[in-house]
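Okay, here's what each chain looks like letter by letter:
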Amino acid sequence: MDEDFKATLLVSIFVAILIIAIIISIAIPCLISEKRNIEKELKMKELEIYGEYREREEMSLDAKEKGAFGEDVVLSEINSVISSLEFNCKVIQNARFPFESVYGERGYITAETDIAVFTPYLIFLFEVKNEKYMEFDYKEPLWCLMNGELVSNPIEQNHTHKEVFCSELRIPRENVITVEVLLENGCVPNMNSPYPNDYVFSLDDIKNKLVYLLATTSDSMIDVNYTFQQFVDLL
């Protein structure tokens, strides 16, 4: 009886070990395969994330190139008008100038004007946008692009540039005109800007109205060379 029990127990143990061995032989390849699948998914995810990063980087580069192209279009129109005027003008593009601020590194941050034009009578600060807006309101701080992205109101941007410009150079605000050019929006709303001496132009407006704006004269005059050099010294 004892011998039969021992034999049965040994057989049971052997069978159990065999079953465990079979399970392990099946499970290990499955686990290895699952591990490889997980590693593959992680690698794919990394590639996907890198691809999205590169795509955003390329889109950002495209946006910069598009913006630079828009500025060149407006600058070409400005130079064309200036060549027909009877007085001397100075033009500077992409001018970054620092100003004191508690929010900046070492107490300074920078403002950048796309194009600045100095005439003997007035100074013009241009903010150029080569992107299409789905909806916007001159008084709203954010405007909506066609892709749904919210961006800063260029009127507010340029007004800030004017405030800093006038403060740093101690120039009366009535001597500085701000112009926002929306190249891709066709006709712009016929609305008054919330700020005085501010104009919102489309590409057609630039071609048809810019000459009248830059040709504006007044009783008081500005020393073009001196004021321009003051500005350049800030950069």
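Computed from a predicted structure; not experimentally measured.

Rules and cut-offs
Residues numbered from 1 in each chain as written. Predicted model: local features only at pLDDT ≥ 70, side-chain atom pairs only at ≥ 80, totals over all residues. Heavy atoms only, no water. Helix = DSSP H or I, 4+ residues; strand = E, 2+ residues; numbered from the N terminus. Buried < 20%, exposed > 50% of the residue type's maximum accessible area, 1.4 Å probe, protein only. Contact = heavy atoms within 4.5 Å. Areas by Shrake-Rupley, 256 points an atom, 1.4 Å probe, with all protein chains shown as cover. Phe/Tyr/Trp six-rings, centres within 6.5 Å; stacked < 30°, edge-to-face > 60°. Pairing = 2+ DSSP bridges. Patch = residues over 30% accessible without salt bridge, like charges linked within 9 Å, V, L, I, M, F, W, Y side chains within 5 Å. Salt bridge = Lys/Arg side-chain N within 4 Å of Asp/Glu carboxyl O. Lys, Arg positive; Asp, Glu negative; His and termini not counted. pLDDT = per-residue confidence, 0-100. Axes fitted to C-alpha atoms, helices over the stretch in contact; angles between N-to-C directions. Arc of directions from axis to C-beta. Parallel < 35°, antiparallel > 145°, perpendicular 65-115°, else oblique. Nonpolar A, V, L, I, M, F, W, Y, C, P; charged D, E, K, R; others polar.

1. Comments concerning the overall build of the protein
Counting secondary structure elements, the protein contains four helices and eight strands. Along the protein, helices (α) and strands (β) appear in the sequence α-β-β-β-β-β-β-α-β-β-α-α when read from the amino end. Taken across its 235 residues, the protein has 34% of its residues classed as buried. Taking all contacts inside the protein whose residues are at least 6 apart in sequence as the whole, residues at least 24 apart take part in 58%. Carbon and sulfur atoms form 56% of the exposed surface of the protein, whose accessible area is close to 15,400 Å².

2. Structural notes on unusual backbone geometry
The backbone of Asn-94 sits at a positive phi, close to 50 degrees, despite the residue not being glycine. With respect to the helices, strands and loops of the structure, Asn-94 is situated in strand S1 (residues 90-105). Located in the positive-phi region is Arg-170, a residue other than glycine, with phi close to 55 degrees. Within the secondary structure, Arg-170 sits in the loop between helix H2 (154-169) and strand S7 (176-182).

3. Examining the packing of aromatic side chains
Inspection of the entire model under this criterion finds 13 aromatic pairs. Aromatic side chains Phe-87 and Tyr-121 sit 5.5 Å apart centroid to centroid with 75 degrees between the ring planes, which places their arrangement in the edge-to-face category. Here Phe-87 is found in the loop between helix H1 (2-82) and S1, whereas its partner Tyr-121 is found in the loop between strand S2 (108-118) and strand S3 (123-129), with 34 residues between them in sequence. Using a relative accessible area of 19% as the deciding quantity, one classes Phe-87 as buried. Taken together, Phe-97, Phe-118, Phe-165, Phe-228 and Phe-231 form an aromatic cluster joined through their ring pairs.

4. Regarding the pairing of S2
Relative to S3, S2 runs antiparallel, the two being bridged by four bridges. Paired with Ile-115 across the two strands is Phe-126, which belongs to S3. What sits between the antiparallel neighbours S2 and S3 is a turn of four residues.

5. Concerning a nonpolar patch on the surface
Among the surface-exposed residues, Leu-18, Ile-22 and Ile-26 lie close enough to one another that they form a single nonpolar patch of about 270 Å² accessible area. Looking at the secondary structure, you find Ile-26 in helix H1. In this structure Ile-26 comes out as exposed when scored by relative accessible area, which is 51%.

6. Considering the side chain of Asp-114
With respect to the secondary-structure elements, Asp-114 resides in strand S2. Among buried Asp, Glu, Lys and Arg side chains, Asp-114 stands out as unpaired, with Lys-129 the closest opposite charge at 5.8 Å. When neighbours within four sequence positions are excluded, Asp-114 is seen to be in contact with Glu-71, Ile-92, Gln-93, Asn-94, Phe-126, Glu-127 and Val-128.

7. Examining the confidence of the model for the protein
Per-residue pLDDT for the protein has a mean of 82; in total, 77% of the residues score no lower than 70. A low-confidence stretch, residues 46-58 stays under pLDDT 50, and its non-local contacts, those more than four residues away or across chains, total zero contacts.

8. Thoughts on the sheet that holds strand S5 (residues 142-145)
Reading across from one edge, S4-S5-S6 is the order of the three strands in this open sheet, with antiparallel pairing throughout. One side of each edge strand has no neighbouring strand; the edge strands of this open sheet are strand S4 (133-135) and strand S6 (150-152). When strand polarity is set aside, the average angle formed by the axes of neighbouring strands in this sheet is 55 degrees. Bridging between S5 and S6 involves three bridges; their strand directions are antiparallel.

9. As for helix H4 (residues 224-234)
Among all positions of H4, only Val-224, Thr-227, Phe-228 and Phe-231 are buried. Projected down its long axis, H4 carries its buried residues within an arc of 100 degrees, all on one side. Exposed and facing more than 90 degrees away from the buried side of H4 are Tyr-226 and Asp-233.

10. Side note on the packing of H2 against H4
Geometrically, a packed helix pair is captured by the angle between its two axes and the distance between the axes. Viewed as axis vectors pointing N to C, H2 and H4 meet at an angle of 105 degrees, and their least axial separation amounts to 11 Å. Here H4 runs roughly perpendicular to H2, going by the angle between their axes. Residues Phe-165, Glu-168 and Leu-169 of H2 lie in contact with H4, whose contacting residues are Gln-230, Phe-231 and Leu-234. Here the residues of the contact of H2 with H4 are counted per class, giving four nonpolar, one polar and one charged.

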